[in-house]
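# Descriptive structure summary
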Amino acid sequence: MVLESFQVGEGEVPTVLLHGFLGSGRNLRSLAVAWNEAEPRRRFLLPDLTGHGASAPPPPGANLDTLARDVLETARARGFTGPLELVGHSLGGRVSLAASLLSPSDVASVRLLDIAPGPVPVDLSESGMVLNVLLQAPDTASSRREMRAGLVGQGLSEGLADWLVMNLVSTPDGGVRWRFDRRALSELHLQVNGTDLWAAVERPGANVRCVRGGRSRYVTDADVKRLEAAGCPVETLPGAGHFVHVDAAQALLQWLLER
């Protein structure tokens with residue numbers, strides 16, 4: 001399936017930025033613009049992952065291979081040739097690893113933004129908590145403000161609620177509705193979080209680097225030891241949480257510019 005996407009830059013190095021769960025390609029637009037200014041030789045593709053943003057819902061039984069295949073198909077359909085450099089935040093990192101296993105010749109490198117290759121424990125998954133709140137939210141509301149108030153009332157932070165209501169679209173009667181299929185995403189969530197992707201890092205010839213937020217729990221010290229033992233260096237950004245591209249944008253860019 002070819003995904004909804006947009007591009008930044010006109011260089012010759014094909015680079016794909018993949019967002020996290022419940023996000024969309026535009027979550028990483030600021031990163032793409034700043035990186036393109038620093039390295040004009042790159043051409044960036046920012047897709048909405050399967051079931052996210054304006055892309056179609058995931059088919060029944062969709063898993064990480066489904067998402068990875070859709071990313072690779074989209075890159076080729078958009079004219080991105082040669083091995084791709086994949087950079088993924090959270091779910092996007094896991095999709096990147098899955099793509100490197102699915103078609104190693106299509107992936108030059110993987111850069112993980114605050115995510116480890118192992119299955120994500122249920123009690124660690126912030127996206128699982130958010131999904132539970134979303135599943136309880138109404139299908140429609142009279143306005144974004146009304147839906148936002150409901151999300152905050154269910155315990156979400158104002159910032160997180162603001163981010164989520166970006167996924168609302170207008171209805172013919174002047175109200176709003178969710179753009180994504182929340183139940184399909186809930187089923188997908190179980191699939192993608194339960195997959196073990198260590199083989200993508202520990203296979204011969206793997207080219208993987210990882211950055212983690214110092215205030216995040218997604219990449220543990222035990223993960224760091226195993227990653228580095230496999231030849232995957234890990235950088236810690238002390239002041240950042242899980243959203244490293246927001247909390248430490250300049251430090252992340254400098255890390256990405258390193259060879």
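Residues numbered from 1 in each chain as written. Predicted model: local features only at pLDDT ≥ 70, side-chain atom pairs only at ≥ 80, totals over all residues. Heavy atoms only, no water.

## Describing the packing of aromatic side chains
- Under the counting rule described, the total for this entry stands at three aromatic pairs.
- When the ring of Trp35 is compared with that of Phe44, the centres are 5.1 Å apart and the planes differ by 50°; the resulting orientation is tilted.
- Given the relative accessible area of 0%, Phe44 is considered buried.
- Between Trp178 and Phe180, the aromatic rings sit 5.7 Å apart at their centres with planes inclined by 5°, giving stacked as the arrangement. Neither Trp178 nor Phe180 differs from the other in exposure class; each is buried.
- The side chain of Arg43 reaches across the aromatic face of Phe80, ending 4.1 Å from its centre.
- Here the basic side chain of Arg209 rests over the ring of Trp255, its NZ or CZ set 4.4 Å away from the ring centre. (Phe/Tyr/Trp six-rings, centres within 6.5 Å; stacked < 30°, edge-to-face > 60°. Buried < 20%, exposed > 50% of the residue type's maximum accessible area, 1.4 Å probe, protein only. Lys NZ or Arg CZ within 6 Å of the ring centre and 35° of its normal.)

## Let's talk about unusual backbone geometry
- The residue Ser90 is not glycine, and still its phi comes out positive at about 55°.
- Along the chain, the position of Ser90 falls in the loop between β4 (84-89) and α3 (91-102).
- For Ser90, a relative accessible area of 11% puts it in the buried group. (Helix = DSSP H or I, 4+ residues; strand = E, 2+ residues; numbered from the N terminus.)

## Quick notes on the sheet that holds strand β8 (residues 176-178)
- Read from one edge to the other, the open sheet built from three strands follows the order β6-β8-β7, with strand pairing classed as antiparallel. Either end of the sheet is taken by a strand with one partner, and the two such strands are β6 (140-141) and β7 (168-170).
- For β6 and β8, the ladder comprises two bridges, and the chain directions are antiparallel. Its bridge partner being in β8, Ala141 is matched across the sheet by Val176. (Pairing = 2+ DSSP bridges.)

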